[in-house]
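Chain residues, written in single-letter form:
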Amino acid sequence: MRHSAQTSDESLSPQPRALGKLELGVPWPDVALAYTDWGEPDAEQVVVCVHGLTRNARDFDFLAQALAARGLRAIAVDVAGRGLSSWLADPQGYAVPTYAAQMLRFLELMKLGPVDWVGTSMGGLIGMVLAAGEAPPLRRLVLNDVGPFVPAEALKQIQAYLGIELSFESLEALESHLRAIHASFGPLTDSQWRHLAKHSARETAEGWRLSYDPAIRVPFEAAAAEDIDLWPLWDAIQVPTLVLWGEESTLLTRATAEEMGNRGPKAEVTGFARVGHAPALMSQDQIATVVDWLRR
């Protein structure tokens, strides 16, 4: 359960105050979760940010910088199998119930009281599980382009590129790949795409590879055969909830987004034009929407 942190010396801006890695201990003695830490450690309001299926904590750098500038502490976590966190020995562990249990342990070891949660796609599903519990560790929940119903067709689109063990001859080639498979993130600048590429890459003897365990595809392939239907979970959520919706998203449909505003926590829903799955949370309008809502 060792907890280590170090100051970031990365040249790419924005930069977190610190980078850390936390060993979870029993029942995950070989699992450590990496995280970025923004803002003052004693800030009264703490926001935990959790990424999508193949992404990592550095996706939130721009949002976290804005939160820290307004006096909040933002902690973005690499889920197991992604970024700088440990890979799991058993691929069947790559599932939302495991991630939710590990994040509960993370919050406990970090000695964080009730937190606000920003979850993109898979990170949002994890947040929903935590928010629906009897004593939720969340005060508020922001779901980025995900809801309690996900059509199988959208899952199959993700499955088409998930877990392919590609090797790239350069960081530029890896960036081109990301621009293609994540075009639905919306209109990003060249520097923002480079930021995503730099933090999505790991250099190996065979070339540049994406920074996640290809084995995450194992349980996903079975799950992708059917729709995800979590409406009973949604109806159990009572914390204030904001839903960010990419208006061209195939994963979060208009019908589902509208129903999320009418039942369960009766979420506030904000849509973004010219964006699919999922808003990158790098543009000023998207960042302002999240920051303003969390600061209410």
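Refer to the structure presented above.
Quick caveat, the model's predicted, so the values are computed rather than measured. (Residues numbered from 1 in each chain as written. Predicted model: local features only at pLDDT ≥ 70, side-chain atom pairs only at ≥ 80, totals over all residues. Heavy atoms only, no water.)

A. Quick look at the packing of helix 5 (residues 171-181) against helix 6 (residues 190-199). Relative to each other, helix 5 and helix 6 sit at 105°, their axes nearing to 9 Å. The orientation of helix 5 relative to helix 6 falls into the category roughly perpendicular. For the pair helix 5 and helix 6, contact is made by L171, E172, L174, E175, L178 and R179 and by D190, W193, R194, L196, A197 and K198, respectively. Looking at the contact of helix 5 with helix 6 residue by residue, the classes come out as six nonpolar, no polar and six charged. (Axes fitted to C-alpha atoms, helices over the stretch in contact; angles between N-to-C directions. Helix = DSSP H or I, 4+ residues; strand = E, 2+ residues; numbered from the N terminus. Parallel < 35°, antiparallel > 145°, perpendicular 65-115°, else oblique. Contact = heavy atoms within 4.5 Å. Nonpolar A, V, L, I, M, F, W, Y, C, P; charged D, E, K, R; others polar.)

B. Up close: the packing of aromatic side chains. Under the counting rule described, the total for this entry stands at two aromatic pairs. Measuring from ring centre to ring centre gives 5.5 Å for Y35 and F106, while their planes differ by 75°; the resulting arrangement is edge-to-face. Of this pair, Y35 sits in strand 3 (residues 28-38) while F106 sits in helix 2 (residues 96-109), and the two are 71 residues apart along the sequence. For the pair Y35 and F106, a shared accessibility class is recorded, and that class is buried. (Phe/Tyr/Trp six-rings, centres within 6.5 Å; stacked < 30°, edge-to-face > 60°. Buried < 20%, exposed > 50% of the residue type's maximum accessible area, 1.4 Å probe, protein only.)

C. Main features of the side chain of D116. Inspection of the secondary structure puts D116 in strand 6 (residues 115-120). Note on D116: relative accessible area 0%, which makes it buried. Side chain to side chain, D116 and R140 meet in a polar contact 3.1 Å long. Discounting chain neighbours no more than four positions away, the residues touching D116 are Q45, V46, V47, V48, R139, R140 and L294. (Polar contact = N/O pair within 3.5 Å; in protein donor to acceptor, adjacent residues only side chain to side chain.)

D. A look at the packing of helix 1 (residues 61-69) against helix 10 (residues 284-294). Interaxial distance between helix 1 and helix 10 falls to 10 Å at its minimum, and their mutual angle equals 40°. Classified by the angle between their axes, helix 1 and helix 10 sit oblique to one another. Read as a crossing pair, helix 1 and helix 10 show a hand that is right-handed. Packed against helix 1, whose contacting residues are F62, L63, A66 and L67, the element helix 10 presents I287, V290, V291 and L294 at the interface. Residue composition of the contact of helix 1 with helix 10, grouped by class: eight nonpolar, no polar and no charged. (Left-handed = near helix turned anticlockwise from the far one by under 90°.)

E. Focus on the nonpolar core. Of all hydrophobic cores here, the largest spans 96 residues; its most connected members are M103, F106 and V118. Considering each element in turn, this core owes the most residues, six residues, to helix 3 (residues 122-131). Setting aside residues up to four positions removed in sequence, F106 forms contacts with L22, L24, L33, Y35, I75 and V77. (Core = buried A, V, L, I, M, F, W, Y, C linked by side-chain atoms within 4.5 Å.)

F. Structural context of the pairing of strand 10 (residues 207-210). With four bridges connecting them, strand 9 (residues 201-204) and strand 10 associate as antiparallel partners. Paired with A201 across the two strands is L210, which belongs to strand 10. Taken together, strand 9 and the strand that follows it, strand 10, pair antiparallel across an intervening segment of two residues. (Pairing = 2+ DSSP bridges.)

G. Geometry of unusual backbone geometry. For the bond from V26 to P27, the omega torsion is 5°, close enough to zero to count as cis. For the peptide bond that leads from H277 to A278, omega is 0°, which places it in the cis range. With respect to the helices, strands and loops of the structure, A278 is situated in the loop between strand 13 (268-272) and helix 10. Residue D145 is not a glycine yet carries a positive backbone phi of 60°. The residue D145 is located in the loop between strand 7 (138-144) and strand 8 (149-150) in this model. For D145, a relative accessible area of 0% puts it in the buried group.

H. Spatial organisation of helix 4 (residues 152-159). Listing the buried residues of helix 4 in full gives A152, A154, L155 and I158. In an axial view of helix 4, the angular spread of the buried residues amounts to 155°, which keeps them on one side of the axis. Where helix 4 is buried, its residues touch strand 8, helix 7 (217-223) and strand 11 (228-229). (Arc of directions from axis to C-beta.)

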